[in-house]
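# Close look at the chain arrangement
Chain by chain, the residues run as shown.
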Amino acid sequence: MAALFYDLVTYDTIIRNGRWFDGTGAPSAVRNIGIRRGHVVAITVQDIDDADCHRVIDATGKWVLPGMLDVHTHYDVEVLNGPALSESLRHGVTTVMLGSCSLSTIHIGGVDAGDIFGRVEAIPREHVISAIDEHKSWTNAEEYVRALEARPLGPNLAAFIGHSDMRAATMGLDRATQKRERPTKSEQARMERMLSDALRAGFVGMSSQQLLFDKLDGDVCRSRTLPSTYAKPRELRKLKSLLRRTGRILQSGPDIQNPFNLLSQVAQSLGIMRNPLKTSLLSAADAKSNPYAIHVLGPLARFVNRLGGNFRWQHLPVPFEVYADGIDLVVFEEFGAGAAALHLRDEVERNELMRDESYRRGFRKDYESKFGIRVWQRDFFDAEIVECPDAAVVGKSFGRVGADRGGLHPVDAFLDLVLEHGRALRWRTTISNHRPDVLKKLARDSGIQMGFSDAGAHLRNMAFYNMGLRLLRHVHDAETAGKPFMTIEQAVHRLTGELADWYRIDAGHLRIGDRADVVVINPARLDASLDDYAEDRVEQYGGLSRMVNRNDETVNVVLVGGRAVFLDGKATELVGKHRTGRFLRAAHKAPAVQESELTSVS
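The shown structure was predicted, so the numbers you read here are calculated from the model rather than taken from an experiment. (Residues numbered from 1 in each chain as written. Predicted model: local features only at pLDDT ≥ 70, side-chain atom pairs only at ≥ 80, totals over all residues. Heavy atoms only, no water.)

## A few points about the sheet that holds strand β7 (residues 93-98)
Strand order in the open sheet formed by eight strands is β6-β7-β8-β9-β10-β11-β12-β16, with parallel pairing between adjacent strands. Sheet topology places β6 (68-70) and β16 (448-450) at the edges, where each strand pairs with a single neighbour. In this sheet, neighbouring strand axes are inclined to one another by 30 degrees on average, regardless of whether the strands run parallel or antiparallel. For strand β8 (residues 156-162) and strand β9 (residues 205-207), the ladder comprises three bridges, and the chain directions are parallel. Looking across to β9, one finds that Phe160 is bridged to Gly205. The strands touched by helix α10 (residues 233-246) are β9 and β10 (249-252); relative to β9, the strand with the most contacts, the crossing angle is about 150 degrees. (Pairing = 2+ DSSP bridges. Helix = DSSP H or I, 4+ residues; strand = E, 2+ residues; numbered from the N terminus. Axes fitted to C-alpha atoms, helices over the stretch in contact; angles between N-to-C directions. Contact = heavy atoms within 4.5 Å.)

Next up, the structure:
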């Protein structure tokens with residue numbers, strides 16, 4: 001009877017003989033999959049009649065899995081003037097989360113958005129301003145959702161509303177970034193209405209920020225921290241109460257210099273005498289600067305969850321390797337001398353500062369200080385020069401260059417090279433997640449979720465668009481070597497269904513009735529190509545060359561809502577011209593995009 005049913009149905013796409021993963025962690029199996037009108041309608045061991053089928057995909061020897069989720073991006077600007085978000089699509093990511101780290105573009109205007117996103121996320125300020133000013137047609141969250149769905153979206157979107165966005169729009173950016181200023185009663189009420197409107201529109205929750213080395217761009221508020229960092233507990237408590245009542249999520253970054261702040265943010269998820277607060281916190285990383293902290297974070301999350309909390313650390317499941325052009329790297333914001341240099345936009349003024357001996361003494365003191373918690377390990381012997389007009393220094397560390405130049409302090413060697421070559425000096429270092437055995441433990445930890453790619457931000461500094469593929473390679477290599485630390489099914493679940501279920505969005509599964517967000521992967525090409533360095537131009541940012549990943553032979557097929565968006569590493573004619581993704585509203589079933597809803601641009 002089942003075979004007769006399958007034969008009577010016509011399909012838009014059939015995927016044959018692939019190893020199918022449903023995203024729940026259940027055992028995988030070789031199956032044939034039939035897709036019609038954007039949904040999975042057949043999963044069977046039997047042959048499926050391909051009569052009148054538009055596309056038949058032979059997945060023999062391949063993995064067929066749900067489209068992956070990226071729950072920490074900063075695509076809020078790029079989605080306006082480059083809504084295909086093809087750098088994520090091509091790596092099998094079919095759902096991305098906007099609005100992380102208290103940053104969103106629901107309420108602020110172009111100039112304030114430029115000040116907030118430009119330096120913090122290393123997106124050219126002038127392009128942030130122009131994108132908002134050109135495209136903003138919305139005044140509230142529901143209108144924002146409709147505006148996004150009027151664009152030719154590539155992947156599906158979900159979103160937080162950013163506390164810094166609400167605070168700046170309500171109080172003005174200047175007042176919102178002054179310690180002595182507090183929102184008035186009417187301003188507090190307005191922020192609560194903004195959050196309520198966003199939750200009704202299907203946002204997954206609110207993001208806030210307490211991390212103090214993210215600095216503003218622009219003139220009036222330059223080098224102040226994000227508006228959310230100025231909020232007192234009472235302001236945030238009222239907003240969090242809305243999240244508690246609705247079962248939505250708080251995403252935040254703690255002040256890592258303040259252990260009390262860190263512990264209070266973990267403990268806030270507890271539901272003692274009230275509803276638990278689902279909390280997703282930045283970040284679980286095996287930092288070189290503090291190799292012991294990671295052994296506390298996972299157990300802390302599990303302990304709080306056993307007491308009734310609902311807490312997760314976000315984690316990048318690959319080595320956190322960063323690149324920099326000269327001194328332009330966000331980690332310098334975490335100490336005084338670095339922040340002082342980045343405060344100066346004028347190159348002449350900045351160079352004059354870096355020549356000053358008193359400044360250099362301060363830099364050396366910050367560099368050598370062993371006190372306090374930091375992100376960067378501050379070791380110029382662990383920083384390799386990869387590009388420079390002076391070929392003699394390429395491949396060397398700044399520490400080695402200092403030794404070659406008569407025993408110069410590493411800081412002086414670094415500053416001298418920046419003065420000589422400016423942004424033509426390109427270097428790299430790995431800040432965290434450098435120990436494979438620790439990464440294996442984190443991959444299994446129930447208090448940790450896979451996220452934190454920062455896709456769409458830090459365009460010249462890092463590229464983790466393929467982080468899901470790299471986790472799958474880690475698991476596959478261990479299995480092949482006969483030393484498994486988790487199953488492929490568990491790894492797929494962690495990258496798909498586990499995230500979708502926790503954020504309560506309709507994604508991450510591949511079962512009968514689910515929307516057909518599908519990725520076909522060649523496991524034989526989960527290889528060293530995933531680590532290769534690549535760059536590509538961002539036309540909407542004036543042709544800026546950004547770091548990307550290129551492993552086109554690994555991902556053979558990407559479907560969003562049943563429509564092919566990438567085939568064998570090449571974007572189809574739909575990408576950038578027709579909408580395939582949609583806004584996924586929290587706790588709602590999301591239909592696939594239908595023909596009547598298709599949008600296109602000429």
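## Notes on the UniProt feature "domain: Amidohydrolase" (unreviewed entry) in the protein chain
Here, UniProt's "domain: Amidohydrolase" (unreviewed entry) annotation points to residues 55-228. The span residues 55-228 shows a helical share of 38% and a strand share of 16%, and its end C-alpha atoms are spaced 49 Å apart. (UniProt positions renumbered as here; feature names shortened; annotations may be inferred.)

## Here's the deal with helix α12 (residues 294-306)
Taking 1.5 Å of rise per residue, 13 residues should cover 18 Å, and α12 covers 19 Å from first to last C-alpha, within 8% of that figure. Those residues of α12 not exposed but buried are Ile294, Leu297, Gly298, Leu300, Ala301 and Val304. Buried residues of α12 fall within an arc of 160 degrees about the axis and therefore sit on the same side. Buried-residue contacts for α12 involve α11 (259-267), β12 (311-315) and α18 (436-444). Positive backbone phi, approximately 115 degrees, marks Gly308, located one or two places after α12. (Expected span 1.5 Å × (residues − 1). Buried < 20%, exposed > 50% of the residue type's maximum accessible area, 1.4 Å probe, protein only. Arc of directions from axis to C-beta.)

## So, the domain arrangement of the protein chain
The domain boundaries assigned to the protein chain delineate domain 1 (66-319 + 433-597) and domain 2 (325-427). Placing a centre on the C-alpha atoms of domain 1 and another on those of domain 2 gives a separation of 31 Å. Interface area for domain 1 against domain 2, summed over the two sides, is near 1700 Å², with a carbon-plus-sulfur share of 43%. Summed over the three residues of domain 1 that lose the most area to domain 2, namely Phe213, Arg222 and Ser289, the buried surface amounts to 31% of that side. Linking domain 1 with domain 2 are five salt bridges, by the criterion used here. A salt bridge links Lys215 to Glu333; the nearest nitrogen and oxygen atoms lie 4.0 Å apart. The tally of links between domain 1 and domain 2 comes to 10 residue pairs in polar contact (both at pLDDT 80 or more). Taken together, the residues that form the side of domain 1 that touches domain 2 break down as five nonpolar, six polar and nine charged. (Domains from an automatic or database assignment. Buried area = accessible area lost by both parts, 1.4 Å probe. Salt bridge = Lys/Arg side-chain N within 4 Å of Asp/Glu carboxyl O. Polar contact = N/O pair within 3.5 Å; in protein donor to acceptor, adjacent residues only side chain to side chain. Nonpolar A, V, L, I, M, F, W, Y, C, P; charged D, E, K, R; others polar.)

## Some points on the nonpolar core
One finds Ile116, Leu157, Leu195, Phe203, Met206 and Trp313 to be the most contacted residues of the largest nonpolar core, which totals 102 residues. Setting aside residues up to four positions removed in sequence, Met206 forms contacts with Phe160, Ile161, His163, Met166, Leu195, Leu236, Leu239, Leu243, Ile249, Leu250 and Gln251. Counting residues in hydrophobic clusters, the runner-up holds 41 residues, among them Phe332, Ala337, Tyr359 and Phe398. (Core = buried A, V, L, I, M, F, W, Y, C linked by side-chain atoms within 4.5 Å.)

## Brief notes about a positive patch on the surface
A cluster of basic side chains, namely Lys185, Arg234, Arg237, Lys238 and Arg274, defines a positive patch on the protein surface. Ranked by residues supplied to the positive patch, first place goes to α10 with three residues. (Patch = residues over 30% accessible without salt bridge, like charges linked within 9 Å, V, L, I, M, F, W, Y side chains within 5 Å. Areas by Shrake-Rupley, 256 points an atom, 1.4 Å probe, with all protein chains shown as cover. Lys, Arg positive; Asp, Glu negative; His and termini not counted. Charge placed at Lys NZ, Arg CZ, Asp CG, Glu CD.)

## A few points about a negative patch on the surface
Taken together, the side chains of Asp346, Glu347, Glu349, Glu352 and Asp356 define an acidic patch exposed on the protein surface. As for its placement among the helices and strands, Glu347 is situated in helix α14 (residues 347-355).

## Some points on the pattern of salt bridges
Taken as a whole and assessed by the stated rule, the structure comprises 51 salt bridges. For the salt bridge of Arg428 with Glu321, the shortest nitrogen-to-oxygen distance reads 4.0 Å. In this pair, Arg428 is assigned in strand β15 (residues 426-432) and Glu321 in strand β13 (residues 320-325), connecting sequence segments 107 residues apart. Accessibility expressed as a relative area gives 29% for Glu321, which makes it partly exposed. Between Arg350 and Asp328 there is a salt bridge, with its nearest N and O atoms 3.0 Å apart. Of this pair, Arg350 sits in helix α14 while Asp328 sits in the loop between β13 and α13 (336-343), placing them 22 residues apart in sequence. What makes Arg350 buried here is its relative accessible area of 14%. Judged by its relative accessible area of 23%, Asp328 falls in the partly exposed class.

## A short note on the packing of aromatic side chains
The final tally for this structure, using the stated rule, is 27 aromatic pairs. Residues Phe332 and Phe414 carry aromatic rings whose centres are separated by 5.6 Å and whose planes lie at 20 degrees to one another, so their mutual orientation is stacked. Taken together, the residues Phe332 in the loop between β13 and α13 and Phe414 in helix α17 (residues 410-421) connect sequence positions 82 residues apart. In terms of burial, Phe332 and Phe414 fall into one category: buried. A centroid spacing of 5.4 Å and a plane angle of 75 degrees characterise the contact between Phe380 and Phe398, whose relative ring orientation is edge-to-face. Placement of the pair is Phe380 in the loop between α15 (357-368) and β14 (384-387) and Phe398 in helix α16 (residues 398-404), with a sequence separation of 18 residues. The burial state of Phe380 is the same as that of Phe398; both residues are buried. (Phe/Tyr/Trp six-rings, centres within 6.5 Å; stacked < 30°, edge-to-face > 60°.)

## With respect to the environment of Val548
Inspection of the secondary structure puts Val548 in strand β19 (residues 544-548). On the basis of relative accessible area, Val548 is assigned to the buried category, the value being 2%. With 40 residues separating them in the primary sequence, Val548 and Gly508 have C-alpha atoms 24 Å apart. Here Val548 is in contact with Glu87, Ala463, Tyr465, Ala534, Glu535 and Asp536, once residues within four sequence places are set aside.

## Describing the environment of Tyr465
Inspection of the secondary structure assignment puts Tyr465 in the loop between β16 and α19 (467-480). Classification of Tyr465 by relative accessible area gives buried; the value is 5%. For the pair Tyr465 and Asn549, spaced 84 residues apart in the sequence, the C-alpha separation amounts to 6.5 Å. Beyond its immediate sequence surroundings of up to four residues, Tyr465 is in contact with Tyr75, Glu87, Ser88, His91, Val93, Ala455, Gly456, Leu459, Arg546, Met547, Val548 and Asn549. Among the polar contacts listed, one links the side chain of Tyr465 to the side chain of Arg546, at a separation of 3.4 Å.

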